[in-house]
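Here are the chains, one letter per residue:
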Amino acid sequence: MANRSEEAEHDTVSRRSNHGGILDLVFKRPLRWLRMLIEELHWSFFFGVIIVYGVSQGLGKGLSKVSTQYYFKDEQMIQPSEAQVYVGLIQIPWIIKPVWGLLTDVVPVFGYRRRPYFIFAGVLSMVSMMVLSLHKNLQLGLALSCLVAGSAGVAIADVTIDACVTQLSISHPTLAADMQSLCGMSSSIGSLVGFSLSGVLVHLFGSKGVYGLLGLTAGLIVVVGLLLKESPSRSPGRKHVNEKFIDAGSAIWKTFQYGEVWRPCLFMLLSAAVSLHIHEGMFYWYTDSKDGPSFSKEAVGSIMSFGAIGSLVGILLYQNFLKNFPFRNVVFWALSLSVLSGFLDLILVLRINLKLGVPDYFFIVVDEFVSHMISRIKWLPLLVLSSKLCPAGMEGTFFALLMSIEHVGHLLSSWGGGVLLHALKVTRTQFDNLWLVIVIRSLLRVVPIGLVFLIPNVDPSSTILPADMLMNRRSEAVVETDKIEMTALLSNEA
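What you see is a predicted model, and the numbers here were worked out from it, not measured in a lab.

Reading guide: rules and limits
Residues numbered from 1 in each chain as written. Predicted model: local features only at pLDDT ≥ 70, side-chain atom pairs only at ≥ 80, totals over all residues. Heavy atoms only, no water. Helix = DSSP H or I, 4+ residues; strand = E, 2+ residues; numbered from the N terminus. Buried < 20%, exposed > 50% of the residue type's maximum accessible area, 1.4 Å probe, protein only. Contact = heavy atoms within 4.5 Å. Areas by Shrake-Rupley, 256 points an atom, 1.4 Å probe, with all protein chains shown as cover. Axes fitted to C-alpha atoms, helices over the stretch in contact; angles between N-to-C directions. Parallel < 35°, antiparallel > 145°, perpendicular 65-115°, else oblique. Left-handed = near helix turned anticlockwise from the far one by under 90°. Nonpolar A, V, L, I, M, F, W, Y, C, P; charged D, E, K, R; others polar. Expected span 1.5 Å × (residues − 1). Arc of directions from axis to C-beta. Salt bridge = Lys/Arg side-chain N within 4 Å of Asp/Glu carboxyl O. Core = buried A, V, L, I, M, F, W, Y, C linked by side-chain atoms within 4.5 Å. Phe/Tyr/Trp six-rings, centres within 6.5 Å; stacked < 30°, edge-to-face > 60°. Lys NZ or Arg CZ within 6 Å of the ring centre and 35° of its normal. pLDDT = per-residue confidence, 0-100.

### Some details on the overall build of the chain
Next up, step 1: Check the secondary structure of the chain and you find 19 helices and 2 strands.
Next up, step 2: Split into buried and exposed, the 494 residues of the chain put 52% on the buried side.
Next up, step 3: Taking as baseline every contact in the chain between residues at least 6 positions apart, the subset at least 24 positions apart corresponds to 86%.
Next up, step 4: For the chain, the exposed area adds up to about 22,800 Å²; of that, 65% sits on carbon and sulfur atoms.

### Things to note about the packing of helix α13 (residues 327-342) against helix α16 (residues 360-387)
Next up, step 1: Remark: α13 packs on α16, axes separated minimally by 9 Å, with the N-to-C direction vectors making an angle of 155 degrees. Taken together, the axes of α13 and α16 lie roughly antiparallel to each other. In this structure, α13 meets α16 at a crossing whose hand is left-handed. Here F327, V330, V331, A334, L335, L337, S338 and S341 of α13 lie close against α16, whose contacting residues are D367, V370, I374, I377, K378, P381, L382, V384 and L385.
Next up, step 2: For the contact of α13 with α16, the class distribution of residues is 13 nonpolar, 2 polar and 2 charged.

### Comments concerning the environment of P116
Next up, step 1: Of note, P116 is situated in helix α6 (residues 115-134).
Next up, step 2: Exposure remark for P116: the relative accessible area of 21% places this residue in the partly exposed category.
Next up, step 3: Separated by 106 residues in sequence, P116 and V222 place their C-alpha atoms 9.1 Å apart.

### Things to note about α6
Next up, step 1: Between its first and last C-alpha atoms α6 spans 29 Å; for 20 residues at 1.5 Å apiece the expected length is 28 Å, and the two agree.
Next up, step 2: When α6 is considered as a whole, its buried residues turn out to be Y117, F118, A121, G122, S125, S128, M129, L132 and S133. Down the axis of α6, the smallest arc covering the buried residues is 140 degrees, so these residues share one side.

### Details of the environment of A143
Next up, step 1: Tracing the backbone through its elements, the reader meets A143 in helix α7 (residues 140-171).
Next up, step 2: Under the relative-accessibility criterion, A143 is labelled buried at 0%.
Next up, step 3: Separated by 67 residues in the primary sequence, A143 and Q76 have C-alpha atoms spaced 9.3 Å apart.
Next up, step 4: If near-sequence neighbours (up to four positions away) are discounted, A143 is found in contact with Y71, Q76, L132 and L138.

### What about the side chain of Q319?
Next up, step 1: On the secondary structure map, Q319 appears in helix α12 (residues 297-322).
Next up, step 2: The exposure class assigned to Q319 is buried, which follows from its relative accessible area of 10%.

### Observations concerning the pattern of salt bridges
Next up, step 1: Scanning the entire structure with this criterion turns up 4 salt bridges.
Next up, step 2: The closest approach of N and O atoms between D345 and R441, which form a salt bridge, is 3.0 Å. Taken as a pair, D345 in helix α14 (residues 344-349) and R441 in helix α18 (residues 434-444) lie far apart in primary sequence, 96 residues in all.
Next up, step 3: Residue class for D345 comes out buried when judged on its relative accessible area of 10%.

### Side note on the nonpolar core
Next up, step 1: F45, F72, L132, F267 and L434 are the most contacted members of the largest nonpolar core, which has 122 residues in total.
Next up, step 2: The dominant element in this core, judged by the number of residues it contributes, is helix α8 (residues 176-227), at 14 residues.
Next up, step 3: Not counting residues up to four positions away in its chain, the partners in contact with L132 are Y71, L138, A143, C146, L147, K208 and Y211.

### Looking at the packing of aromatic side chains
Next up, step 1: All told, the structure shown has 9 aromatic pairs when counted by the stated rule.
Next up, step 2: When the ring of Y71 is compared with that of Y211, the centres are 5.6 Å apart and the planes differ by 75 degrees; the resulting orientation is edge-to-face. Here Y211 lies in helix α8 and Y71 lies in helix α2 (residues 43-75), a separation of 140 residues in the sequence. In this structure, Y71 and Y211 share a single accessibility class: buried.
Next up, step 3: Note on F295 and Y361: the rings are 6.2 Å apart at their centroids and 80 degrees apart in plane angle, and the pair reads as edge-to-face. With a gap of 66 residues between them, F295 in the loop between α11 (279-288) and α12 and Y361 in helix α16 connect regions that are remote in the sequence.
Next up, step 4: Exposure remark for F295: the relative accessible area of 13% places this residue in the buried category.
Next up, step 5: Cation over ring: R263 sits above W262, and NZ or CZ is 5.6 Å from the ring centre.

### With respect to the confidence of the model for the chain
Next up, step 1: Confidence in the prediction of the chain, expressed as mean pLDDT, is 81, and 84% of residues score 70 or more.
Next up, step 2: The low-confidence segment residues 472-494, where pLDDT is below 50, has 44 contacts with residues more than four positions distant or belonging to other chains.

### Observations regarding the packing of helix α10 (residues 259-274) against α16
To characterise two packed helices, one gives the angle between the axes of the helices and the distance between these axes.
Next up, step 1: Running from N to C, α10 and α16 cross one another at 145 degrees; their axes reach a closest spacing of 11 Å. Classified by chirality, the crossing of α16 by α10 is left-handed. Together, P264, F267 and M268 of α10 and W379, L382, L385 and S386 of α16 make up the contact between the two elements.
Next up, step 2: Looking at the contact of α10 with α16, its residues break down into 6 nonpolar, 1 polar and no charged.

Printed below as a string of structure tokens:
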């Protein structure tokens with residue numbers, strides 16, 4: 001009897017311990033992590049991250065992606081191959097991010113380097129989204145111009161917050177991975193909310209109505225510009241600005257001469273370019289194919305929300321278990337899993353899942369979750385690596401340049417996917433060759449695995465750039481970080 005009592009008590013303690021362990025992993029550990037970051041960094045950093053990454057990019061991405069897909073399909077009545085190309089065009093402002101970075105670094109407006117650009121970015125996005133929302137029968141060219149302008153507004157705001165992240169990564173090198181995880185988590189949570197609401201909102205208000213809501217969220221970028229605490233500085237003369245541009249170009253060229261820099265940049269470009277995007281072809285098949293699942297707007301939005309959940313899980317996995325591993329190892333295994341996950345679409349299009357008794361919705365949800373989780377795990381170490389490749393005094397601009405290289409790759413992959421869809425005659429009504437498109441896309445994902453040798457085989461705590469390029473970086477970052485503080489709605493003195 002005593003032994004049974006002791007065993008029962010032991011089982012109870014064990015269950016409580018397991019329950020406490022789950023609570024610690026899901027709630028307590030993330031809260032302790034956030035509290036640690038708040039203590040180590042400034043609270044204004046979190047405000048900027050939440051607005052730019054969480055609201056503008058995360059929530060905005062969730063709402064805009066679904067609304068733009070239905071806008072192209074139902075309002076403009078274009079083919080999936082055309083839609084795939086136009087989606088790439090919308091990303092062009094992200095390719096020229098270094099231009100926005102240079103402007104914010106060396107061209108102050110009325111003595112301010114940050115506030116005017118935030119305000120301009122918010123106004124640009126608001127106006128473009130409102131035109132899309134209120135104008136009836138807008139021509140395709142004008143509609144694309146508005147979408148590109150809205151994307152430019154988000155990109156300009158992103159450059160400034162990227163500079164903050166990079167500067168803090170330099171002044172707090174041990175927290176570089178944590179800050180990228182924070183940014184990714186904010187973006188994923190915002191995307192989750194956006195995708196969860198997108199289908200319902202498109203159904204209730206139409207794609208143009210959702211653009212009106214996006215105009216309102218863009219106004220928060222203006223709020224960031226109005227609240228940004230920044231001491232005015234004396235505007236430099238034209239000669240000084242020209243010298244700054246020349247110095248910036250010289251620093252960028254010198255940095256790219258190091259193999260530790262150009263090799264991972266080449267990897268990011270090539271790996272993104274050969275990973276063809278065929279999202280629009282799959283979207284048309286989801287919704288218009290007679291042999292497909294014929295999902296409703298609400299179902300499409302909810303499916304994409306599971307992709308956001310997958311991204312969030314990927315961030316948690318990287319933060320808790322993978323962030324201390326060498327960059328090359330994490331990227332290699334993530335790429336390997338990406339090849340396998342690509343064939344899930346083939347199972348779906350060939351309807352093999354139905355023969356196995358697996359419903360379409362459940363299978364697509366799993367596919368979306370897994371693919372986004374793997375994608376996030378693959379990209380996070382590259383983000384951390386990028387933050388360590390920036391030369392002194394050019395952190396924001398150079399980081400923007402590295403990210404623009406990745407966006408060039410995505411543009412090429414989007415256009416390549418559009419060409420592939422067109423070449424194999426995948427249209428609004430014909431999907432006979434979609435399976436072949438998926439096979440080609442999935443096999444091309446093997447190529448980046450053979451290029452992982454371009455990534456430095458070091459862990460996130462290692463120093464990559466030579467010592468002469470790291471001089472004064474820490475002190476400069478601290479001074480600049482002090483300037484980037486948000487003013488509270490109510491000051492401490494009030």
